[in-house]
2 protein chains.
Amino acid sequence: MDFDKEYRVEPSDEVSLSKRDTKTKGPFVDKAEAVAVTEQNVKTIQELQYRLFVEEKQSLLIVLQAPDAAGKDGLIRKVLGRMNPQGCRTYPFKVPSTIERAHDFLWRIHQCTPARGKVAIFNRSHYEDVLVVRVEQLVPKSVWRNRYEIINDFERNLAANGTRILKFYLHISPEEQLERFHKRLENPSKHWKLNPGDYEAREKWDDYRRAYEDAFNKCSTEDAPWYIIPSDHKWYRDVAVSSIVARAMIDMDPAFPPIQVDLVEIRRLYERAKEKQ
Amino acid sequence: MDFDKEYRVEPSDEVSLSKRDTKTKGPFVDKAEAVAVTEQNVKTIQELQYRLFVEEKQSLLIVLQAPDAAGKDGLIRKVLGRMNPQGCRTYPFKVPSTIERAHDFLWRIHQCTPARGKVAIFNRSHYEDVLVVRVEQLVPKSVWRNRYEIINDFERNLAANGTRILKFYLHISPEEQLERFHKRLENPSKHWKLNPGDYEAREKWDDYRRAYEDAFNKCSTEDAPWYIIPSDHKWYRDVAVSSIVARAMIDMDPAFPPIQVDLVEIRRLYERAKEKQ
């Protein structure tokens with residue numbers, strides 16, 4: 001199955017989230033079959049990450065956005081976070097600090113973009129500034145409406161410097177979300193995640209839906225596409241995202257750089273050290 | 001086996017590295033037996049890291065120092081790096097940048113110490129400023145000789161703020177190092193690691209040994225102990241370090257915090273949302 005084609009938002013698309021499936025199991029007979037593919041993808045990703053790291057020419061930025069309980073944390077823990085931490089960092093973007101709020105909205109984001117050879121995973125991102133900020137009216141419309149273009153310019157700059165950008169929206173139904181909230185209530189080790197605010201956000205589901213649709217329609221570009229991933233089944237979310245990431249890294253085709261040192265010289269040094277021993 | 005007791009440098013010890021074994025297999029009959037213990041340790045570490053993250057009161061700092069090819073990267077990839085990246089970051093300290101060099105030697109280090117709830121892994125560290133800097137005479141003795149006390153003060157401050165500090169030296173023999181250099185020569189995918197400088201450092205093995213011994217003797221404190229880990233066998237290094245880290249985290253005993261929200265209220269919100277659906 002071509003997950004990239006299936007879930008990529010084309011610049012010409014007019015996304016309507018309610019028409020996008022959340023529950024599909026795709027071509028998979030059962031969960032086990034999908035998990036096997038995910039494991040294969042993770043191996044591919046790990047191998048290519050090593051090459052990316054050594055090559056030190058390109059970088060990869062993965063942006064994750066989703067409603068509460070849609071599974072960003074699980075996706076990081078079980079799939080994306082299995083890259084070598086020496087070349088991959090996760091950045092959570094929470095409510096901005098006083099210092100961050102004293103700058104433009106991209107200031108704190110730009111400090112976390114990946115250097116050559118590195119991978120960065122954004123758990124939430126600059127898109128919050130056209131999502132929660134818009135829905136909760138934290139700035140006037142005259143401010144947030146200009147941000148789509150500012151974001152596109154910003155992402156174009158990153159891409160021009162060798163950063164591959166993949167943006168994932170984990171799409172769950174309100175019914176599945178409520179089911180997951182319920183599971184948190186039943187599991188004491190998840191009680192720290194409980195937050196009355198989650199229910200307030202649910203009341204504004206349609207406002208958030210519209211804000212997300214605008215972000216996808218205005219900011220899914222050739223350089224930095226959005227993918228809308230059916231996520232009611234966690235294993236389906238994992239296989240779809242890992243397939244798209246693996247394929248993008250295959251396409252980036254990182255290569256071991258030409259040897260910078262004189263092999264003959266190194267061999268001579270080795271032989272001499274061996275003799276001395 | 002009590003790995004902590006076996007390999008911890010006590011403040012009263014006078015370490016002589018040449019008297020410390022590099023090749024031991026400890027109590028293990030074979031590698032498989034040790035790997036099983038390591039896997040168990042990793043599970044313990046992962047579970048306790050989750051609690052540490054949620055508790056948000058303490059933090060953990062792991063410092064790794066070693067000669068070239070002693071296995072810092074392998075230890076991170078196979079063991080320590082399997083913590084959840086949302087709560088754990090690896091920091092490599094390489095040759096300081098122009099900006100870093102314009103500050104005191106702890107300036108860049110302090111920016112990377114772990115926040116409450118987090119784990120930081122230092123791949124090399126502020127100890128380079130009494131190791132390579134001393135051996136290569138990058139600053140005069142009058143400067144580096146004061147650094148041991150400055151380091152102890154710095155680490156005491158971190159500990160006072162709830163940071164548990166574990167410092168590991170991966171101890172390999174010069175023979176094993178040379179063997180690993182040879183393997184790099186034989187494996188083209190490792191050629192990017194080749195560096196004539198590695199052989200220059202070998203020439204100064206005794207100078208480095210003395211510098212390491214001074215660091216252990218002056219800076220292994222109650223708050224921030226050094227451990228000298230026999231590392232000629234990679235699997236032994238992995239089981240020893242993971243055992244010490246797991247035990248330290250058990251001792252930290254991170255706990256889920258008391259619930260901050262009103263469970264009855266959340267349950268009511270859930271029921272109401274369920275009815276509406």
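Owing to the predicted nature of the structure, the values given are computational and were not obtained by experimental measurement. (Residues numbered from 1 in each chain as written. Chains lettered and ligands numbered in written order. Predicted model: local features only at pLDDT ≥ 70, side-chain atom pairs only at ≥ 80, totals over all residues. Heavy atoms only, no water.)

## Examining the overall build of chain A
Thought 1: A count of helices and strands for chain A gives 13 helices and five strands.
Thought 2: Expressed as a percentage of its 277 residues, the buried residues of chain A come to 50%.
Thought 3: Partitioning the contacts of chain A with sequence separation of at least 6, the portion at a separation of at least 24 is 82%.
Thought 4: Of the roughly 13,400 Å² that chain A leaves accessible, carbon and sulfur atoms contribute 48%.
Thought 5: For chain A, the centre of its 46 positive side-chain charges and the centre of its 44 negative side-chain charges are spaced 4 Å apart. (Helix = DSSP H or I, 4+ residues; strand = E, 2+ residues; numbered from the N terminus. Buried < 20%, exposed > 50% of the residue type's maximum accessible area, 1.4 Å probe, protein only. Contact = heavy atoms within 4.5 Å. Areas by Shrake-Rupley, 256 points an atom, 1.4 Å probe, with all protein chains shown as cover. Lys, Arg positive; Asp, Glu negative; His and termini not counted. Charge placed at Lys NZ, Arg CZ, Asp CG, Glu CD.)

## A look at the relation of the copies chain B and chain A
Thought 1: When chain B is brought onto chain A, the operation consists of a screw motion whose angular component is 180 degrees and whose axial shift is 0.0 Å, with 0.0 Å RMSD remaining. Here the two chains are linked by the operation of a two-fold rotation axis.
Thought 2: The residues that chain B uses at the interface reappear at the interface of chain A in 100% of cases, marking a shared surface. (Least-squares fit on C-alpha atoms with pLDDT ≥ 70 in both.)

## A look at the packing of helix 9 (residues 174–186) of chain A against helix 10 (residues 196–203) of chain A
Packed helices, taken two at a time, are described by the angle their axes make and the gap between the axes.
Residues and elements named next belong to chain A.
Thought 1: For the pair helix 9 and helix 10, interaxial distance at closest approach is 12 Å and the crossing angle is 170 degrees. In terms of axis orientation, helix 9 runs roughly antiparallel to helix 10. Here helix 9 contributes Pro174, Gln177, Leu178, Phe181 and Arg184 to the contact with helix 10, which in turn contributes Asp198, Tyr199 and Arg202.
Thought 2: Each residue belonging to the contact of helix 9 with helix 10 can be placed in one class, and the counts come to four nonpolar, one polar and three charged. (Axes fitted to C-alpha atoms, helices over the stretch in contact; angles between N-to-C directions. Parallel < 35°, antiparallel > 145°, perpendicular 65-115°, else oblique. Nonpolar A, V, L, I, M, F, W, Y, C, P; charged D, E, K, R; others polar.)

## Quick look at helix 2 (residues 31–55) of chain A
In an α-helix, one turn spans 3.6 residues, which is why side chains three or four residues apart end up on the same side.
Residues and elements named next belong to chain A.
Thought 1: An ideal rise of 1.5 Å per residue puts 36 Å on 25 residues; helix 2 measures up with 36 Å between its terminal C-alpha atoms.
Thought 2: Every buried residue of helix 2 is listed here: Ala34, Thr38, Asn41, Val42, Ile45, Leu48, Gln49, Leu52, Val54 and Glu55.
Thought 3: Buried-residue contacts for helix 2 involve strand 2 (88–92), strand 3 (119–123) and helix 12 (234–252).
Thought 4: Once helix 2 ends, the next one or two residues include Glu56, with phi positive near 60 degrees. (Expected span 1.5 Å × (residues − 1).)

## Observations regarding the interface of chain B and chain A
Thought 1: Each side of the interface is counted separately: chain B has 43 residues, and chain A has 43 residues.
Thought 2: For the pairing of chain B and chain A, the buried interface totals around 4,200 Å² over both sides, and the portion due to carbon and sulfur atoms is 63%.
Thought 3: Ranking the residues of chain B by area buried against chain A places B:Gln86, B:Trp192 and B:Tyr270 at the top, with a combined share of 16%.
Thought 4: Counting across the chain B and chain A interface gives four salt bridges. (Buried area = accessible area lost by both parts, 1.4 Å probe. Salt bridge = Lys/Arg side-chain N within 4 Å of Asp/Glu carboxyl O.)

## Some points on the side chain of B:Thr113
Thought 1: Here B:Thr113 lies in the loop between helix 5 (107–110) and strand 3 (119–123).
Thought 2: Here B:His110 takes part through its backbone oxygen, which lies 3.1 Å from a polar atom of the side chain of B:Thr113. (Polar contact = N/O pair within 3.5 Å; in protein donor to acceptor, adjacent residues only side chain to side chain.)

## Some points on the environment of A:Asp2
Residue and element names in this part refer to chain A.
Thought 1: Within the element layout of this structure, Asp2 appears in the segment before helix 1 (3–7).
Thought 2: Since its relative accessible area comes to 31%, Asp2 is described here as partly exposed.
Thought 3: Considering only alpha carbons, one finds Asp2 and Ile244, 242 residues apart in sequence, at a separation of 8.6 Å.
Thought 4: Within the local environment of Asp2, its side chain forms a polar contact with the backbone nitrogen of Lys5, the two atoms lying 3.0 Å apart.

## Here's the deal with the confidence of the model for chain A
Thought 1: When pLDDT is averaged along chain A, the result is 96; 100% of the residues meet or exceed 70.
Thought 2: Across the interface, the model reports ipTM at 0.92; the global pTM reads 0.95. (pLDDT = per-residue confidence, 0-100.)

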